[in-house]
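# Notes for the structure review
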Amino acid sequence: MMKTMSKKGISKTWVTVIIVVVVVVAAIAGVLYYHNVTATPQKPIVIYELVSYAGNVYFKIMINGTEYAVNQLQKEGVPVKLVVLDASNNLQTQIEQIQSAIAAGANVILINPVAPSAEVPYLEQAEQKGITVITLDRDTPTPSARLCYIGSNNTALGIMDAEALIYFLRMSGKQPPWKVVVIEGPPETGVGLMRNNAILSVLEPFVNNGTIQIVSEQNGRFSDSVAFSIMQSVISATGGKIDAVITANGLEAEGAARALMSAGIPIGLNGVIITTIDFTPDVAQAIESGQILATAGQAPFMMGYWGVWIAYYHITKGYNPPSVIITPQAIVTANNITQAYNTLQSPVNLADYVPGAPPTPTS
């Protein structure tokens, strides 16, 4: 005999169904609201992307992400114009580029600052003109000078870099004290200072207990050629008796590796161990060949890609993002390099990383 459901049971069941339906409808409505581009402005959205140094492959990847997002919007009928300017690591050049963007009537400035602190007054001028300013990879010390920052947690990157160095030194079986060369990033970039401090904070206990001896600690200026010159001097001073090199970016690691190989000094787990920060094609190739054992990988593609979409949603839909948006990052070794390509160098939906954020297409 079939049992009849009580009114109380029916009531609870229907309440549950109604709640589920409301939640689903609200979610769909939110997605449709943000992704509907039919109400786009007739005038083009003019985006200026100001890059510190486009000669660095890392920043070329960032530009690729920006161009990818612009192409997506254009395919959906959104009129967007992108202007990319390279400062060649010259502060005055970038200041003039900010002023040019303001004068040209830019709607958006995506900026990877050469020297963030020095550029605050000019970014504030842009904000006062109603321009949406978003910092990429390097942030300004004055949050009010921009809508948001999109980039890495550089303290976490430095810690990952140094912890990887310790891991591989232990794995190598080398006897302490381990002789380590530290090639730092330029402090004025902000990110360089954060990485330097984080790396040294991990190494400090090992230095204090005599496990590590830092034989050189110099500013490599995020440069292949500067790091090459530093390593040549260190090799000459130490007779090549070095156990490991840790650098603050991929270009420095490449320069250090080149100097060691030029001197006939083996690199890798059975030679001089090198760890770094950045996951560019050159660094990936060096990892695959065993020359660099680990890197704290970043996602510059995502910085440019999310920057465009956030600016679009802010201008057309009134979306206000969190002040700081951290892009994906991961330690990359030969064991997970394929997975790292998918995680760090492909478009990823913003809503998967930022709660309440609008969706961004991934194809």
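We now turn to the structure provided with this report. In this text, all values refer to a predicted model and were calculated from it rather than measured experimentally. (Residues numbered from 1 in each chain as written. Predicted model: local features only at pLDDT ≥ 70, side-chain atom pairs only at ≥ 80, totals over all residues. Heavy atoms only, no water.)

### Some details on the pattern of salt bridges
Worth spelling out the cut-off: By definition here, a salt bridge exists when the distance from a side-chain nitrogen of Lys or Arg to a carboxyl oxygen of Asp or Glu is within 4 Å. The secondary structure listing takes helices from DSSP runs of H or I that are at least 4 residues long and strands from runs of E that are at least 2 residues long, numbered from the N terminus. Note on exposure labels: buried denotes an accessible area under 20% of the residue type's maximum, exposed denotes more than 50%, and partly exposed covers the range between, all computed with a 1.4 Å probe on protein chains only.
Per the counting criterion, the structure on display carries four salt bridges. Between Arg221 and Glu188 there is a salt bridge, and its shortest N-O distance comes to 2.4 Å. Of this pair, Arg221 sits in the loop between strand E7 (212-219) and helix H7 (224-238) while Glu188 sits in the loop between strand E6 (178-184) and helix H6 (191-208), and the two are 33 residues apart along the sequence. A residue is classified by how much of its surface remains accessible, and Arg221, at 43% relative accessible area, is partly exposed. Residue Arg258 pairs with Asp224 through a salt bridge whose shortest N-O separation is 2.3 Å. Residue Arg258 is found in helix H8 (residues 250-262), and its partner Asp224 is found in helix H7; the two are separated by 34 residues along the sequence.

### A word on the sheet that holds strand E11 (residues 324-326)
Backbone hydrogen bonds are what pair the strands of a sheet, in a parallel or an antiparallel way. What counts here: In short, DSSP must find at least two bridges between two strands for them to pair. Between the N-to-C directions of two axes lies an angle of 0 to 180 degrees, each axis being a line fitted to C-alpha atoms and, for a helix, fitted only over the stretch in contact. Only heavy atoms matter for contacts: two residues are in contact if any of them lie within 4.5 Å across the pair.
Spatially, E2-E1-E3-E4-E5-E11 is the arrangement adopted by the six strands of the open sheet, whose pairing is parallel. The sheet is open, and its two borders are formed by strand E2 (80-86) and E11, each paired with just one other strand. Averaged over all adjacent pairs, the angle separating strand axes in this sheet is 20°, with direction ignored. Relative to E11, strand E5 (residues 148-151) runs parallel, the two being bridged by three bridges. Bridge pairing links Gly151 to Ile326 in E11. In this fold helix H2 (residues 57-75) packs onto strand E1 (45-51), E2, strand E3 (108-111) and strand E4 (132-136), with an angle of close to 170° to the strand it touches most, E2. Its contacts with the sheet put helix H10 (residues 300-317) on E1, E3, E4, E5 and E11, and the angle it makes with E4 is roughly 160°.

### Things to note about the packing of aromatic side chains
Quick note on the threshold: Pairs were defined over the aromatic rings of Phe, Tyr and Trp, the Trp ring being its six-membered one, requiring ring centres within 6.5 Å. Orientation was assigned from the angle between planes: stacked under 30 degrees, edge-to-face over 60, tilted for the rest.
Across all of its chains, the model carries ten aromatic pairs by this definition. With 5.0 Å between their ring centres and 85° between their planes, Tyr167 and Phe168 make a pair best called edge-to-face. Phe168 gets classed as buried once you look at its relative accessible area, which sits at 11%. Site record: aromatic cluster; members linked through ring pairs are Tyr68, Phe301 and Tyr305.

### As for the environment of Thr295
For Thr295, the position within the fold is in strand E10 (residues 294-297). For the pair Thr295 and Val332, spaced 37 residues apart in sequence, the C-alpha separation works out to 5.3 Å. In this structure, Thr295 is in contact with Thr276, Ile277, Asp278, Phe279, Val283, Ile287, Ala330, Ile331 and Val332, ignoring residues within four places of it in sequence.

### Description of the nonpolar core
Going by this rule: Here, nonpolar core means buried Ala, Val, Leu, Ile, Met, Phe, Trp, Tyr and Cys residues that are tied together by side-chain atoms lying within 4.5 Å of each other.
Judged by nonpolar contacts, the single largest core of 68 residues is most densely connected at Ile134, Ile150, Met231, Val245, Leu260, Trp306 and Ile310. When residues in this core are grouped by element, the largest group, eleven residues, is from H10. Residue contacts for Val245: discarding those within four places in its chain leaves Leu165, Val181, Ile183, Met231, Ala256, Leu260, Val272, Ile273, Ile274 and Thr275. The next biggest cluster of nonpolar side chains, apart from the first, holds 19 residues, and it includes Leu169, Phe206, Ala244 and Ile273.

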